[in-house]
Amino acid sequence: MSDSRLAEAAHPSFARHETFAPRFGWLHKAYMQVKTTPGTFLAPDAPVLLGVGKNMVNAMRYWSKAFKLTREHHGEDPGSRAMVASPTWEARWLLDEDGADPYLEETGSLWLLHWWLLSSRPSARSWAPSWYVAFHLAPFARFTIGELTQVIVRHVNFSYPEGPVEASIVKDVECITKMYARDHDETSGAPGAFEDLLACPFRELGLLEFVGQRGKREWRFTSAARTSLPPRVLAYACLDYAARDTQNAGSVSLARLANEPGGPGRAFRIREIEIAAALEKVASQHPRLGIVEAVGQRSLTFACDPNELAWEILDKQYDQVSQRPSFPDRNTWSQRYPGLAEAGKRENKQKDSAAPTDQPLVLIEESA
C-alpha cells in the first residue's frame, strides 16, 4: 500500500549537498551574490566569487534552495535550459545586511532555518526528503546509518515513481549526522573539535547526539528541554504549520502540533507540554493568539490568517525588521525578481506529477 506523505511534503532530491553540511557564512555569502547575479552558481568563476571549491559551490546552491532562501527558474536566454536562482523574500528578511540576522549570530535563527528546511507549504515543498523522513516519519529515536537508510529507502519506494541509488541516501544520512551531532572527538575536546563546531552551526541545536560504543556507530535524537528555542520562533512554526490548512481565523490542537508528521513537535523534538508553555508566553503578548481548552484538549487559536500572524510574531522577535524604512514588502520583492513566480508554478506542476505508486520502484542513479 502506498504512503503519500513524503511525496506530498518533499521533492525527490537526494545527495545534492556533495557530502557537505551547511557551514557558517555560506548562506549569507550565497544570498549576497545571487541578489545581484542570478547565474552566480553557474558562473565559471563561481568558486572565486563565493570563496570556496567547486564542489562547495554545488553544496551552497543546494543548501540555499533547501532552506527556501532561493528558488530556481529559467534565465533570460530563451534558448538555454540552465536554471538560475532568485533570492526569496525570506532570504531578504533574514540575510541582507539590514536583515534580521545576516550572520546567524542568534541560535533562534538556526532553529528557524531548521524549520524552513523541513517545512512544506503550498508551492514550497521541502527539498530535503531524507531529513523529512528522519525527523517526521522514522519510527525510532536511536539508529545506525544502515537503519535510517533503510527507513528512508522504504518511504522513497512508496512515494516517488523514481528515486536514487541507495548510496545517495547513505550520503544523506551521513550528512544528517554530520550536520546535527557532535562526534566523540568533538565532545572529548580533541584537537580540531572547536573548528568542526564552527563549520557545522546546526550542532548548536543539540537535536542529535552520538551514542556509539565499542565500534558501533549509533546516534540518538535528544529529548532535552529546548532552552535555546525562542518561544516566538516556536509560535511562528506552529502558525506556519496551521497555515497549510487555512488562511482564516481558526484553531489547531496542541496534540497535532506536537505529534503530527510535518508539525513543529517532531521537527524540534519537543513535547506538547513544552509547546503549551511557550505558546502561553507568546499569547500573553499577542491578543490575536490564544490557548483554549475544551473536552480535555488544548488548542492554539488565531484570530486572523495564521501566516500573517506568524510573520507578525516572528518580526517582533527581530525588532520589527520588515517595518524599517525602505524594507520591501513581498509584492515589491516579487516584482523585482519575477522568476520567483515562475518557480512557484513549476513546483506546483512537479507536485501534481509526483504521484505515489503501489509498486516498489527501481532505484536509478542520480547525477550530482
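Residues numbered from 1 in each chain as written. Predicted model: local features only at pLDDT ≥ 70, side-chain atom pairs only at ≥ 80, totals over all residues. Heavy atoms only, no water.

What to know about helix H9 (residues 166–180)
A rise of 1.5 Å per residue sets the reference length of H9, with its 15 residues, at 21 Å; its end C-alpha atoms lie 22 Å apart and thus fit the reference within 8%. When H9 is considered as a whole, its buried residues turn out to be Ser-168, Ile-169, Asp-172, Val-173, Cys-175, Ile-176, Thr-177, Met-179 and Tyr-180. (Helix = DSSP H or I, 4+ residues; strand = E, 2+ residues; numbered from the N terminus. Expected span 1.5 Å × (residues − 1). Buried < 20%, exposed > 50% of the residue type's maximum accessible area, 1.4 Å probe, protein only.)

Focus on the packing of helix H2 (residues 26–34) against helix H4 (residues 54–66)
One can describe the packing of H2 onto H4 by two numbers: an axis separation of 10 Å at closest approach and a directional angle of 85°. The angle between H2 and H4 places the two elements in the roughly perpendicular class. Across from Trp-26, Leu-27, Lys-29 and Ala-30 in H2, the residues of H4 making contact are Met-56, Ala-59, Met-60, Trp-63 and Ser-64. Looking at side-chain class alone, the contact of H2 with H4 contains seven nonpolar, one polar and one charged residues. (Axes fitted to C-alpha atoms, helices over the stretch in contact; angles between N-to-C directions. Parallel < 35°, antiparallel > 145°, perpendicular 65-115°, else oblique. Contact = heavy atoms within 4.5 Å. Nonpolar A, V, L, I, M, F, W, Y, C, P; charged D, E, K, R; others polar.)

Some thoughts on the packing of aromatic side chains
Throughout the structure, instances matching the rule amount to 22 aromatic pairs. Pairing Phe-14 with Tyr-160 gives two aromatic rings, centres 6.4 Å apart and planes at 80°, and the pair type is edge-to-face. Of this pair, Phe-14 sits in the loop between helix H1 (5–9) and H2 while Tyr-160 sits in the loop between helix H8 (145–157) and H9; the two residues are 146 residues apart in sequence, bridging distant segments of the chain. For Phe-14, a relative accessible area of 2% translates into the label buried. With 6.4 Å between their ring centres and 25° between their planes, Phe-143 and Trp-219 make a pair best called stacked. Of this pair, Phe-143 sits in strand E3 (residues 142–143) while Trp-219 is found in strand E6 (residues 219–221), placing the two residues 76 residues apart along the sequence. Taken as a pair, Phe-143 and Trp-219 share a single burial class, namely buried. Here the guanidinium or amino end of Lys-65 rests over the ring plane of Trp-127, the centre of that ring lying 4.0 Å away. (Phe/Tyr/Trp six-rings, centres within 6.5 Å; stacked < 30°, edge-to-face > 60°. Lys NZ or Arg CZ within 6 Å of the ring centre and 35° of its normal.)

Structural notes on the pairing of strand E9 (residues 297–302)
Two elements, strand E7 (residues 250–253) and E9, share four bridges in a ladder whose sense is antiparallel. Within E9, the position partnered with Val-252 by the bridge is Leu-300. Bridge count between strand E8 (residues 289–294) and E9: six bridges; the pairing is antiparallel. By the bridge assignment, Ile-291 is partnered in E9 with Leu-300. Adjacent in sequence and paired antiparallel, E8 and E9 are bridged by two residues, among which Val-295 carries a positive phi angle near 55°. (Pairing = 2+ DSSP bridges.)

A short note on the sheet that holds E8
Here three strands make up an open sheet; going across it, the order is E7-E9-E8 and the pairing antiparallel. Whereas interior strands pair on both sides, the edge strands pair on one side only; in this sheet they are E7 and E8. Taking the axes of each pair of neighbouring strands and ignoring which way they run, one obtains an average angle of 30° across the sheet. Sitting on the sheet, helix H12 (residues 231–242) is in contact with E7, E8 and E9, with an inclination near 85° to E9.

Side note on the sheet that holds E3
Pairing in this open sheet of four strands is mixed, and the strands run E3-E6-E5-E4 from one edge to the other. The strands lining the two open edges of the sheet, one partner per strand, are E3 and strand E4 (181–182). Pairing geometry for strand E5 (residues 208–210) and E6, over three bridges, is antiparallel. Pairing of Leu-208 across the sheet is with Phe-221, part of E6.

Focus: the environment of Val-151
As for its position among the elements, Val-151 is in helix H8. We classify Val-151 as buried; its relative accessible area is 4%. If near-sequence neighbours (up to four positions away) are discounted, Val-151 is found in contact with Val-133, Ala-138, Pro-139 and Phe-140.

Quick look at the pattern of salt bridges
Per the stated rule, a full pass over the model turns up 16 salt bridges. Lys-35 is the salt-bridge partner of Asp-96, the closest N and O atoms lying 3.0 Å from each other. Within this pair, whereas Asp-96 is found in the loop between helix H5 (89–95) and helix H6 (107–118), its partner Lys-35 is found in the loop between H2 and helix H3 (46–50), the two being separated by 61 residues in sequence. Overall, the relative accessible area of 8% leaves Asp-96 in the buried class. Given the relative accessible area of 25%, Lys-35 is considered partly exposed. The salt bridge involving Lys-216 is made with Glu-218; its shortest N-O contact spans 3.7 Å. Overall, Lys-216 belongs to the partly exposed group, its relative accessible area being 45%. Look at the salt bridges and you will find they share partners, linking Lys-35, Arg-92, Asp-96 and Asp-98 into a network. (Salt bridge = Lys/Arg side-chain N within 4 Å of Asp/Glu carboxyl O.)

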